Structure formats: C-alpha cells, structure tokens
Amino acid sequence: MDAIQTNSLTRRFGDITAVESLDLTVREGEIYGFLGPNGAGKSTTINMLLGFTPPSTGSGTVLGYDIESESLAVRQSIGVLPEDFGMYNRLTARKHVQFAIDAKGASNDPDELLARVGLTEAADRKAGGFSTGMKQRVALAMALVGEPDLIVLDEPTSGIDPNGAREMREIIREENARGATVFFSSHIMEQVEAVCDRVGIMRGGELVAEDSIDALKSQFDADSRLVLTVDAVPDGVREAVAALSGVTDVRVEGVEIVASLSESSRKATVINAVEDAGCTVEDISSEEPSLEDLFAAFTTGDRPTRGRRDGSTEVVDA
Amino acid sequence: MSGAHDTSRAESGRRYTNWIAIARKDFADAARAKMLWALTALLILLVAGVSAIPYLLHSDGPAPEFADAVGFLFQPIGMLVPIIGLIVGYQAIVKERESGSIRFLLGLPFTRLDVVLGKVAGRAGVVALPTVIGFLVGSVVIAALYDGFVVSDYLGLLAFSLIMGLVYVAIAVGVSASVNSRAKAVAGVLGIFVVFDFLWSFVPSVIYWVFEREVPLFTGEPVPAWYLLVERLSPGQALSVIALDLIDFVGSEDVDMTTAGRIAGDVPFYLETWGAWVIVLAWIVVPLVIGYYRFERAIIS
C-alpha cells in the first residue's frame, strides 16, 4: 500500500486552479521531497491531505484512509508539522507536546520528545517567547507523538538556522529508519537533496517532475553548457558546431559562442570545430547546472539561459 | 495493514470524549491569562460588594433581609454576566484561525465538532469558576450582613448565573466558529446582543402596533399571548422567566410579572415556564449548530 496516493486531485478557488489533476504517489517507507516555489500548490495539496480544504474534484488516500471521509483516521495515524502555524503563547513547550499526546491517546513522555528536538532546557517556558526555530522544534516534537506511520512536514526548515536544519534532517532519518514514511515539502531544493529518496516538483498546480534527485540531475546534465569567447565570429561557425553530435543547441551572443552539450566529453570536439572555422578562442568556460538551475528549469519553464554565478564555474585558459 | 484496525479501534473508544482534551487545553490556556483573575475579582466585587448595598443604604424601617440582598443582586448579574460570556467566548475559535494554531488543532485527530464542543466547555469553565468563587465569597458577606439566609435561593441564583453564562458563551462561540476574522466576531456578538437584548423589547410592540395601531405599554391593557411569546424569544427575557423557577423573589407574587397576570385569557401551553426553558436551551444549541455548520465547511488555508 502507498503512504499517500491521489487521483486527479484538484482544487479551485474561484477562477484560480491551485492544484490541477494531481496524481501523487508516495511509497511506504520512503522520504519524499515535495518541491516547488511558493504558490505552486504544495500547501493546498497538503491542506487537502489533512482535511483542511476539501478537494474540488478527485480523491486521495493517506495510509489507505480516504482523505475526506476518513480524515480523523488519517490524522490519528500521521504526525504533522504544519506551515505557518501559531503557538498557544501562554502554554509551555511541554504542555504543547502533552496536548498532542492527549489528542492521540498516545503514551509518549513529553520530556523525552523535547529532549530529541533539543528543547529540554525550554520545556517549562511559555511558547510566546520562543524564536521561530524553537517553535519549529516544538512543532516537530508534536509531530513525532505516537510514532506515526507517516510524518508530514510542511516547510519545516523555514526560519530555522543551518544547525537546526541539520538536526531536523537527522531526526527525519531516524524516524525513517524506524519505518516511518516522511513527506517533506520545501521551496528550497538543497534542503531536501540531503535527505530525500525521491522528489516531486510542483509548478502551477501540477506535478512537473518526479524522480530521485540523481535521476533528475542526469536528465538535466544534457544541458551543460560550453561558452567560448572568440576574437570574431565568422559565417558558418554556428552551423558547423550545430552539426556536431552531442550538441543540442548553439547560440551566438556577440563574441561568445554558447553550445549546449548532451555530454560534457564533447567539449574538445566543439573547441576544435570552432578553431577550424578560423576563430581564435580567447577564453573558455563551461557551466554545469546547479541544483538551483535544475529546480528553476522545472519550475520556470525555461532551461536556464545563463549559467550559475557561484564559484563552481569552471574556467579554462585557451 | 494491521495499523488501520488498531487506529479505528482506538478512535471509536475516544471519539466521544476527545473534545475534553480541547476543553482542558483551552481552560489551561485561559487560566494563565490575567483575564481569569480579573473576572474572579470582578465577580467577588459583584456578589460580595453589590449585595452589601441594601445593608449600607439602610437607615430606618425594618432591616433589609437576605431576600432583599438577592433581589438587589439579580439586576447587575443580568447585566454583567452576558457581557462577560460574550467577551470570554468571541475569540475562542476565530483567534486560533487568525494565529494559525488551528493548524495544530486540526492536524491532530480532532473533528471540528470536537473543537466547537471543547471550546464551549472550556470557555464556560472560564466564566463558571470566577462565578462560583464570587458566590462563595459573597455567601460569607451576605450571611454576615443579613438575616434569613436561604441556601436554596442562593444556589438558585448561582445556577441562574451559570446558565446565563453558558447561554452567552454558546452564542459567542457559535459566532466565533462562523467567521474568519476577529473583527467579524466582534461585530457578530455585538449585533446579536444589541438586537436580541436591547432592541428586542420593541419587536412585539411594533408588531402589535402594525395590527392594532396602538402600543400596549400606553394602554396598560393585558397583552395577547403571542405578544409574550415574541418578547420571550430574547435570551434575556427567557432567562428572566426561568429565574422565577430558580429563585423565590420577594414580592414577585404582588407585582405579578408572571404570565397569568399579563395576558388576556388563559395561559396557553407554550407560555408555561417550560417553554422559556426550551427557548433558553435553543439559545445554547442553535448558535452552536450554526457555528458548527459553518466551521465544518470552512476552508482552513
């Protein structure tokens, strides 16, 4: 059985379609990254899974329970770290966790859960004074109550420091090792890369890609780019390069020849072809796609026309 | 999957009592607020303080007795408790929607009915506890100042105050469940209070005027039965009718505010006191049903 399954799940708000005919499958035991920019339909999807928002059409199950008719059973068996939640400012961290324990009829020790998320010290403090990171930790402790079969984390690392994010990933791995499925939504790809087995990428309410990060990367590697700066661009050079095998696209921008390559090993062939056409190559740079580019490629529609501007651009002197 | 069966079994055992967890949490949350202490102080001041006024004002004639004190307390309680109930209740659910803590609440295995019931119970507790404390302290003062303490009448006045508190808490929680912003909740409870507790007395008069071209107040004649029924649809009016069941007021027989004294002809069945109990019950149930109906369909996003 799948942990989450949706069939043509759709939600419209007036004229706007927030989620369009979504077929999502999260397998039992995996860590699934649910990616997409803000407004892509991630939260609406999660709101439908939790029974916060009824679907316009379509259906879905969570751990085999129907998301509409069996929402109580869904929420009894899962743990949720919601997005944009507010705390009960006058209640302590321990009271929050105890409330989740009471709600589920679980037998956890609240102090044990607070220790796991690193809040032992703050257990008796009122949540009103907590930083965003501490609030996220309380919410995570609440999500862990009752050893749920599925943990839904909606943007769990927003407002949390890198150290906190790392600790959260550790807990996610521990829970997964215990046998829990983890469904992790984020708008930042780097945060899910380290921990997720598979990712689904949402864009404009639709699932536009779903695979392991490695598979998505290798699919995208087809478009690593080679940029040659030359003294002048003679006629025919574009056609000559375009004719080479392994070259998917060639553009000329001023004195730059930009070739998109399906295999990075074709770089030398391209350089030779350009020199054979009578150019003097003055500078060579090659740009491998970053995770950010990969994400942008799936969520903005255009394959990036400019490479990354971070330090990993490889520059070779001619 | 075996877990599925475990879960449904666990649920059926708790489904009917799960709102108690919300009531407990809600009361604990309120108990840490200054509001609960302010209310306790206010109700001690009201019951113990106001009931002393007949004693303090007394100069000549027979000394005021217990029944005078209770009669003197009745009016201020009837004015203050509704306002307290509405203030305590109106934020109950809508504040959680505005702050986002509703995401915790509804991410946990609670139905929206659990939320409405738990909130009414929790907030009713927030009104009830200070009321009981106020009456406890008040009993000492009243017993010390007045002769003829009648325990049943005192408990009757306490019961009346608690029922009144519950009615207005239920109205406010019903409104709170129905709307998506605190501003609307304020407007809702204020509107209901003004219409049904202040303007309502004009409604039967206006209807009467439409048919008879005169206002019964001025003619002083007995009114038709429907007139009293319409008047009694107001929560405040219905509550003051059931007060006659709970408390033996001094001189209530003489003034004859009873139904038989005001209407022309025999008292129809719907104007018997149990009819007022039904109206009071309706003022608890109907706002909650409407609130639940709207909350159940609300999109939490």
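Residues numbered from 1 in each chain as written. Chains lettered and ligands numbered in written order. Predicted model: local features only at pLDDT ≥ 70, side-chain atom pairs only at ≥ 80, totals over all residues. Heavy atoms only, no water.

1. Considering the pairing of strand E15 (residues 281-287) of chain A
Residue and element names in this part refer to chain A. With five of seven residues buried, E15 lies mostly within the body of the structure. As judged from the six bridges shared by strand E12 (residues 224-230) and E15, these two strands associate in the antiparallel manner. Of the residues in E15, the one forming a bridge with Leu 226 is Ser 286. (Buried < 20%, exposed > 50% of the residue type's maximum accessible area, 1.4 Å probe, protein only. Helix = DSSP H or I, 4+ residues; strand = E, 2+ residues; numbered from the N terminus. Pairing = 2+ DSSP bridges.)

2. Examining the interface of chain B and chain A
Listed as interface residues are 35 residues of chain B and, on the opposing side, 38 residues of chain A. Where chain B abuts chain A, roughly 3200 Å² becomes buried across the two surfaces, and 63% of that area is made up of carbon and sulfur atoms. Summed over the shared surface of chain B and chain A, the number is two salt bridges. There are 13 residue pairs in polar contact (both at pLDDT 80 or more) connecting chain B and chain A. Elements that contribute at least two residues to the side of chain B that touches chain A include exactly helix H1 (2-14), helix H2 (19-31), helix H6 (94-99) and helix H7 (102-107) of chain B. (Contact = heavy atoms within 4.5 Å. Buried area = accessible area lost by both parts, 1.4 Å probe. Salt bridge = Lys/Arg side-chain N within 4 Å of Asp/Glu carboxyl O. Polar contact = N/O pair within 3.5 Å; in protein donor to acceptor, adjacent residues only side chain to side chain.)

3. Some details on helix H17 (residues 273-296) of chain B
Counting along an α-helix, one turn takes 3.6 residues, and residues three or four places apart therefore face a common direction. With 24 residues, H17 of chain B should reach 34 Å at 1.5 Å per residue; the first-to-last C-alpha distance of 34 Å fits that figure. Here H17 of chain B has its buried residues at Gly 275, Ala 276, Ile 279, Val 280, Trp 283, Ile 284, Pro 287, Leu 288, Gly 291 and Phe 295 of chain B. (Expected span 1.5 Å × (residues − 1).)

4. As for the pattern of salt bridges
Scanning the entire structure with this criterion turns up 20 salt bridges over all chains. The salt bridge partner of Glu 155 of chain A is Lys 42 of chain A, with a shortest N-O separation of 3.6 Å. One end of the pair, Glu 155 of chain A, is in the loop between strand E8 (150-154) and helix H6 (162-178); the other, Lys 42 of chain A, is in helix H1 (residues 42-49), and 113 residues separate them in sequence. Overall, the relative accessible area of 6% leaves Glu 155 of chain A in the buried class. Connected through salt bridges with shared partners, the residues Lys 25, Asp 26, Glu 96, Lys 119 and Arg 123 of chain B form a single ionic network.

5. Notes on the packing of aromatic side chains
Residue and element names in this part refer to chain B. As enumerated under the stated definition, the model contains 20 aromatic pairs over all chains in all. Here the aromatic rings of Phe 66 and Tyr 154 are separated by 6.5 Å at their centres, their planes lie at 55°, and the arrangement is tilted. Linking Phe 66 in helix H5 (residues 66-89) with Tyr 154 in helix H9 (residues 151-178), this pair joins segments that are 88 residues apart in sequence. Just as Phe 66 is buried, Tyr 154 falls in that class too. By way of ring pairs, the aromatic residues Phe 66, Phe 135, Phe 149 and Tyr 154 are connected into one cluster. Directly above the ring of Phe 295 sits Arg 112, whose terminal nitrogen or CZ lies 5.6 Å from the centroid. Just above the ring of Tyr 293 sits the side chain of Arg 297; from NZ or CZ to the centre is 3.8 Å. (Phe/Tyr/Trp six-rings, centres within 6.5 Å; stacked < 30°, edge-to-face > 60°. Lys NZ or Arg CZ within 6 Å of the ring centre and 35° of its normal.)

6. Some details on the confidence of the model for chain A
Residue and element names in this part refer to chain A. For chain A, per-residue confidence averages 86 on the pLDDT scale, and residues scoring 70 or more make up 90% of the total. Confidence, read as mean pLDDT per element, is least for strand E16 (residues 314-317) in chain A (38) and greatest for strand E5 (residues 57-62) (97). With pLDDT under 50 throughout, residues 302-318 is counted as low confidence; its partners more than four residues away or in other chains account for 39 contacts. (pLDDT = per-residue confidence, 0-100.)

7. Structural notes on helix H10 (residues 267-276) of chain A
All names here are of chain A. Among the residues making up H10, those that are buried are Lys 267, Val 270, Ile 271, Ala 273 and Val 274. Projected down its long axis, H10 shows its buried positions confined to an angular sector of 160°, all on one face. Once H10 finishes, Gly 278 follows within two positions and takes phi at roughly 105°, a positive value. (Arc of directions from axis to C-beta.)

8. Description of the confidence of the model for chain B
Chain-level statistics for chain B give a pLDDT mean of 87 and a share of 89% at 70 or above. In the model of chain B, H1 of chain B stands out as the element of lowest mean pLDDT, 46, in contrast to H9 of chain B, which has the highest, 96.

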